[in-house]
Amino acid sequence: MAEKHTEQVTPWEVDGEVDYDKLIRQFGTKKIDEGLYSRLKKYGDNHMLRRKYFFSHRDLDLVLNDYEQKKGFFLYTGLAVSKNMHLGHLTSFLMSRWLQETFGVNLYVEIPDEEKFLARRDMTIEEIDQQAEDVILNIAALGFDPEKTFIFKDREYVKNMYTLACKIAKKINFSNVKAVFGFNEQTNIGLMFYPAMQMVPCFFEEKRCLIPAGIDQDPYWRIQRDIAESMGGFKTAAIHSQFLPPLSGVEGKMSASRPENAIYLNDDVK
């Protein structure tokens, strides 16, 4: 059988016909096999795991080892602000809620409001601030444990993150982020620094961090895993989802950049 062609899968863009087996090989992740699924199922069933919508992982087996050895772990996920939330945004949060309920762990939700301002020329800081408030309300409405969930915006919480972000940034050179993210001479310097901010929550606790996310976000954690142990922390673990397809039926994923192809949380019934 001819191998499917993946046009592009980056943290900012997904185009083309996605071959998930090929992505596992390219990114160096592992498939969630029946043995690992059986370990998870001992604690409770989840339809997104049962249907293999979450299909790939990094060190999920080590996370379960830590839990079973009473070492614990914590969760981290997030959402960059652009437009209103749509159904494709929900999957990582729904998996995070199931993991929190099942294992009784803390969850940190990053709202990287500066990232969208730096990445997009068509949004002002004021527009992003308003959108961030709406996003936070939608996330909170999903029913996370308020005693074990911390939702924060980077520009508000930065005083608690910046020192560690500087330590992370010092360990990452331009050739590395250029190779991983495709940065070039036209990329603004703020966007080049941002990956260090996104890695900071991986070190919020002295335990292993597990990130539920779309597989397109994996590049951030590949860099974190390269530097984690030199900083006295753990290589972050991850559990990756497939992409919710757009309403048009074409390849790629449901995206706020193509509003006609998405079902938004604030859509009316019609």
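What you see is a predicted model; the values in this text were computed from it and never measured. (Residues numbered from 1 in each chain as written. Predicted model: local features only at pLDDT ≥ 70, side-chain atom pairs only at ≥ 80, totals over all residues. Heavy atoms only, no water.)

Peer 1: How should I be thinking about the sheet that holds strand 6 (residues 107-111) in this particular structure?
Peer 2: One key point about sheets: their strands pair by backbone hydrogen bonds, in either a parallel or an antiparallel sense. Strands sit in the order 3-4-9-8-5-6-7 across an open sheet of 7 strands; the sheet is mixed. Each edge of the sheet is formed by a strand with only one pairing partner; in this case those strands are strand 3 (30-31) and strand 7 (149-153). Across 5 bridges, the pairing between strand 6 and strand 7 is parallel. Bridged to Leu-107 within strand 7 is Thr-149. Across the sheet, helix 1 (residues 20-27) touches strand 3 and strand 4 (54-58), and the angle it forms with strand 4 is around 5°. (Pairing = 2+ DSSP bridges. Helix = DSSP H or I, 4+ residues; strand = E, 2+ residues; numbered from the N terminus. Contact = heavy atoms within 4.5 Å. Axes fitted to C-alpha atoms, helices over the stretch in contact; angles between N-to-C directions.)

Peer 1: Is there a simple way to explain helix 1 in this structure?
Peer 2: Those residues of helix 1 that sit buried are Tyr-20, Lys-22, Leu-23, Ile-24 and Phe-27. The N-cap of helix 1, judged by a side-chain oxygen 3.1 Å from the amide nitrogen of Asp-21 a few residues on, is Asp-19. Where helix 1 ends, the next residue or the one after it, Gly-28, has phi of about 75°, a positive value. (Buried < 20%, exposed > 50% of the residue type's maximum accessible area, 1.4 Å probe, protein only. Polar contact = N/O pair within 3.5 Å; in protein donor to acceptor, adjacent residues only side chain to side chain.)

Peer 1: Even after reading the chapter, I still don't get the side chain of Asp-216, so can you show me in this structure?
Peer 2: As for its position among the elements, Asp-216 is in the loop between strand 8 (208-214) and helix 12 (218-227). Side-chain polar atoms of Asp-216 contact the side chain of Gln-217, separated by 3.5 Å.

Peer 1: So what exactly am I meant to see when it comes to the confidence of the model for the chain here?
Peer 2: Interpreting fine coordinate detail is not advised for predicted regions of low pLDDT. Residues with a pLDDT of 70 or more make up 92% of the chain, whose mean pLDDT is 90. The low-confidence segment residues 1-6, where pLDDT is below 50, has 12 contacts with residues more than four positions distant or belonging to other chains. (pLDDT = per-residue confidence, 0-100.)

Peer 1: Can you walk me through the packing of aromatic side chains in this structure?
Peer 2: Pairs of aromatic rings are described using the distance from one ring centre to the other and the angle between the two planes. Taken as a whole and assessed by the stated rule, the structure comprises 21 aromatic pairs. On the numbers, 5.1 Å between centres and 55° between planes, the contact of Tyr-43 with Phe-103 is tilted. Within this pair, whereas Tyr-43 is found in the loop between helix 2 (34-41) and helix 3 (47-50), its partner Phe-103 is found in helix 5 (residues 87-103), the two being separated by 60 residues in sequence. For Phe-103, a relative accessible area of 7% puts it in the buried group. (Phe/Tyr/Trp six-rings, centres within 6.5 Å; stacked < 30°, edge-to-face > 60°.)

Peer 1: I would appreciate a short explanation of the nonpolar core in the present structure.
Peer 2: Leu-49, Leu-60, Phe-93, Ile-111, Ile-139 and Leu-210 are the most contacted members of the largest nonpolar core, which has 37 residues in total. Taken together, the elements giving at least two residues each to this core come down to helix 2, helix 3, helix 4 (60-68), strand 5 (73-78), helix 5, strand 6, helix 7 (125-140) and strand 9 (237-241). Here this core takes 6 residues from helix 5, the largest share from any one element. Contact partners of Phe-93, with chain neighbours within four places excluded, come to Thr-77, Gly-78, Leu-79, Met-85, Val-109, Ile-139, Leu-142 and Phe-144. Counting residues in each nonpolar core, the second largest holds 27 residues, with Met-161, Val-177, Phe-183 and Val-200 among its members. (Core = buried A, V, L, I, M, F, W, Y, C linked by side-chain atoms within 4.5 Å.)

Peer 1: So what exactly am I meant to see when it comes to the pattern of salt bridges here?
Peer 2: A pair can form between side chains of opposite charge whenever their charged atoms are brought close. Overall, the coordinates contain 16 salt bridges when judged by the stated rule. Put simply, Lys-153 and Glu-133 hold a salt bridge, and the shortest N to O gap is 3.1 Å. Of this pair, Lys-153 sits in strand 7 while Glu-133 is found in helix 7, placing the two residues 20 residues apart along the sequence. On the basis of relative accessibility, which here comes to 37%, the residue Glu-133 falls in the partly exposed class. Lys-153 is the salt-bridge partner of Glu-156, the closest N and O atoms lying 3.5 Å from each other. The class for Lys-153 is buried, based on a relative accessible area of 7%. Each member of the salt-bridge network shares a partner with another, and the members are Arg-39, Lys-42 and Glu-68. (Salt bridge = Lys/Arg side-chain N within 4 Å of Asp/Glu carboxyl O.)

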